[in-house]
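One letter stands for each residue in the lines below.
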Amino acid sequence: MSSLTPAEIQARIDRARHIQSTFSPEKVVSAVTRLFDLVPADEPDEFTFPAFAKPTRDRIFGGQVIAQALVAAARTVDPGKSAHSLHAYFLRGGDEAKPLHFRVHRDFDGRSFANRRVVVRQDGKVIFNLTASFHAPEPGAAHQVPMPDLLPPDQCVEFTENLAADPNVSDAQLDRMARLRPFEMRSFRPPSTEKASAHYQWYRLAAPIGDDPLLHRAFLAYASDMGLLSSSLLPHGFTWSTPGLFSTSLDHAMWFHDDIRVDEWFAYVMDSDWTGGARGINRGLVYRQDGTLIASVMQEGLLRLVPPAA
């Protein structure tokens with residue numbers, strides 16, 4: 001599909017919104033919340049998560065396993081300490097049709113800090129590992145970079161509008177992806193002609209999830225892998241749907257500066273410093289709507305473009 005007329009785009013938007021309207025926001029958010037209900041395994045500090053009854057992806061979404069590993073680590077830490085950083089590597093693509101096994105290693109427990117390593121396996125093979133550090137709150141000097149001047153959420157483009165306008169997204173893909181997602185998403189992207197790498201997205205959970213700070217951080221970790229890799233695609237005019245492009249996260253690092261409510265609007269401001277050698281660096285800053293900096297994120301992604309066959 002080379003291009004879409006305005007009428008075709010509007011028809012696709014209308015269809016996507018109709019599909020969304022058939023799903024309960026509370027049920028969709030509840031389904032993602034259940035991703036974090038890890039089951040204790042037979043051995044101490046080990047957890048499992050069952051295979052999906054109806055897989056919807058070829059590969060497990062990276063944000064899912066980041067958030068699940070963070071929750072597994074937190075379950076072994078004194079509740080007086082909160083996660084302040086995580087560093088992770090994606091080693092193999094995960095399969096939704098197979099169960100996940102999480103092994104937590106208690107590397108350090110101190111008065112102020114605790115450190116955990118989490119190794120995630122499928123079929124006995126390591127697919128992902130994460131190191132997380134936890135810190136007991138204490139006073140100290142404070143500063144932050146100010147939030148840039150952003151358009152408010154209601155002036156940004158809805159996720160379904162971006163999908164519907166993308167000629168590389170088939171009708172079948174649109175129907176599948178238009179199903180109400182756990183997050184409401186509104187984005188600002190510069191025109192491809194500008195070759196810019198900076199963009200931002202507003203997120204808000206489609207339904208409230210209560211007051212558990214760990215659950216809110218888990219959802220933030222989940223969202224931190226949404227859209228970030230596209231930062232290194234923007235200067236080249238690529239998107240995730242560009243024919244012949246294979247892109248995937250290689251590693252992910254995140255620093256939590258404060259608590260957040262993910263069922264209220266927050267901004268994810270993203271940029272890319274470099275691409276080369278089939279890899280790209282992506283960085284993001286997460287702000288509350290009041291301008292408070294909540295988290296910092298870095299990620300390297302794999303970007304392979306296979307030219308069409310002659």
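Residues numbered from 1 in each chain as written. Predicted model: local features only at pLDDT ≥ 70, side-chain atom pairs only at ≥ 80, totals over all residues. Heavy atoms only, no water.

**Some thoughts on the overall build of the protein chain**
The following threshold applies: Comment: elements are numbered from the N terminus, with helices defined as DSSP H or I runs of at least four residues and strands as E runs of at least two. Only C-alpha atoms enter the radius of gyration, while the globule expectation follows 2.2 Å times N to the 0.38, with N the number of residues. Working definition: with a 1.4 Å probe on protein chains only, accessible area under 20% of the residue-type maximum means buried, over 50% means exposed, and in between means partly exposed. When checking whether two residues touch, look at their non-hydrogen atoms; a contact exists if any pair is within 4.5 Å. Each accessible area is a Shrake-Rupley result for a 1.4 Å probe, and residues are judged covered by the shown protein chains and nothing else. The sign given to each residue is positive for Lys and Arg and negative for Asp and Glu; His and the chain ends receive no count. Where a charge sits is defined by one atom per residue type, namely NZ (Lys), CZ (Arg), CG (Asp) or CD (Glu).
Assigned secondary structure in the protein chain consists of six helices and 13 strands. Relative to its length of 310 residues, the protein chain is compact, with a C-alpha radius of gyration of 20 Å against a globular reference of 19 Å. Projected onto its principal axes, the C-alpha positions of the protein chain cover 60 × 45 × 45 Å. Scored against the burial criterion, the 310 residues of the protein chain give a buried share of 45%. The contacts of the protein chain with a sequence gap of at least 6 include a subset with a gap of at least 24, amounting to 72%. When the accessible area of the protein chain is evaluated, it comes to approximately 15,500 Å², of which 54% is carbon and sulfur surface. Of the side chains in the protein chain, 32 bear a positive and 37 a negative charge, and the two mean positions are spaced by 5 Å.

**Details of the pairing of strand E10 (residues 245-256)**
As a reminder, the rule being used: We call two strands paired when DSSP finds no fewer than two bridges between them.
Pairing of strand E3 (residues 82-90) with E10 involves five bridges; the strand directions are antiparallel. Within the sheet, the bridge partner assigned to Ala 88 lies in E10 and is His 252. Where E10 lies against strand E13 (residues 293-305), eleven bridges are found, and the strand directions are antiparallel. Bridged to Trp 255 within E13 is Ser 296.

**Here we look at unusual backbone geometry**
If a residue is not glycine, its phi is most likely negative; likewise, a peptide bond is most likely trans. For Asp 45, which is not glycine, the phi dihedral falls at a positive 60°. For Asp 45, a relative accessible area of 19% translates into the label buried. Residue Ala 278 is not a glycine yet carries a positive backbone phi of 70°. Among the secondary structure elements, Ala 278 is positioned in the loop between strand E11 (266-276) and strand E12 (279-288). Since its relative accessible area comes to 33%, Ala 278 is described here as partly exposed.

**Brief notes about the pattern of salt bridges**
To keep it simple, the criterion reads: By convention in these notes, a salt bridge is any Lys or Arg side-chain nitrogen within 4 Å of a carboxyl oxygen on Asp or Glu.
Counting across every chain of the model gives 19 salt bridges. One salt bridge connects Asp 171 with Arg 15, and the closest N-O pair in it is separated by 3.3 Å. Taken together, the residues span a long stretch of sequence, with Asp 171 in helix H5 (residues 171-177) and Arg 15 in helix H1 (residues 6-21) at a distance of 156 residues. With relative accessibility at 38%, the residue Asp 171 sits in the partly exposed group. Judged by relative accessible area, Arg 15 falls into the partly exposed class, the value being 29%. With a closest N to O distance of 2.7 Å, Arg 261 and Asp 211 form a salt bridge.

**A few points about the environment of Thr 131**
Inspection of the secondary structure assignment puts Thr 131 in strand E6 (residues 125-135). Residue class for Thr 131 comes out partly exposed when judged on its relative accessible area of 29%. Distance in space between the C-alpha atoms of Thr 131 and Ala 172 is 38 Å, their sequence separation being 41 residues. If we skip the residues at most four places from it in the chain, Thr 131 touches Ser 85, Leu 86, His 87, Asn 115, Arg 116 and Arg 117.

**Some remarks on the packing of helix H2 (residues 25-33) against helix H6 (residues 213-223)**
Which entries qualify depends on this criterion: Axis definition: a line fitted to C-alpha atoms, over the contacting stretch in the case of helices. Angles run 0 to 180 degrees between N-to-C directions. Here the word oblique covers every angle except those under 35 degrees (roughly parallel), over 145 (roughly antiparallel) and from 65 to 115 (roughly perpendicular). Following the grouping adopted for this structure description, the nonpolar residues are Ala, Val, Leu, Ile, Met, Phe, Trp, Tyr, Cys and Pro, the charged ones are Asp, Glu, Lys and Arg, and the polar ones are all others, Gly among them.
Interaxial distance between H2 and H6 falls to 11 Å at its minimum, and their mutual angle equals 95°. As far as their axial angle goes, H6 and H2 are roughly perpendicular. Where H2 abuts H6, its residues Val 29, Val 32 and Thr 33 lie against Leu 215, Phe 219 and Tyr 222. For the contact of H2 with H6, the residue count by class is five nonpolar, one polar and no charged.

**Things to note about the packing of aromatic side chains**
What counts is decided by this rule: Centres within 6.5 Å are what make two rings of Phe, Tyr or Trp a pair, Trp counting through its six-membered ring; a difference in plane orientation under 30 degrees is then read as stacked, over 60 as edge-to-face, and the rest as tilted.
Applying the stated criterion across every chain yields a total of ten aromatic pairs. On the basis of an interplanar angle of 75° and a centroid distance of 6.1 Å, the ring pair of Phe 183 and Phe 219 is categorised as edge-to-face. Linking Phe 183 in strand E8 (residues 183-188) with Phe 219 in helix H6, this pair joins segments that are 36 residues apart in sequence. For Phe 183, a relative accessible area of 3% puts it in the buried group. Note on Phe 183 and Phe 266: the rings are 6.1 Å apart at their centroids and 85° apart in plane angle, and the pair reads as edge-to-face. Taken together, the residues span a long stretch of sequence, with Phe 183 in strand E8 and Phe 266 in strand E11 at a distance of 83 residues. Both residues of the pair, Phe 183 and Phe 266, count as buried.

**Describing the nonpolar core**
Filter applied, for reference: The definition of a nonpolar core used throughout is a set of buried Ala, Val, Leu, Ile, Met, Phe, Trp, Tyr and Cys residues joined through side-chain atoms within 4.5 Å.
In this structure, Phe 102, Phe 128, Phe 183, Phe 219 and Leu 220 are the most contacted members of the largest nonpolar core, which totals 67 residues. By residue number, the principal contributor to this core is helix H3 (residues 62-74), which donates nine residues. Not counting chain neighbours up to four residues away, the residues in contact with Leu 220 comprise Met 254, Phe 256, Ile 260, Val 262, Phe 266, Val 286, Ile 294 and Ala 295.

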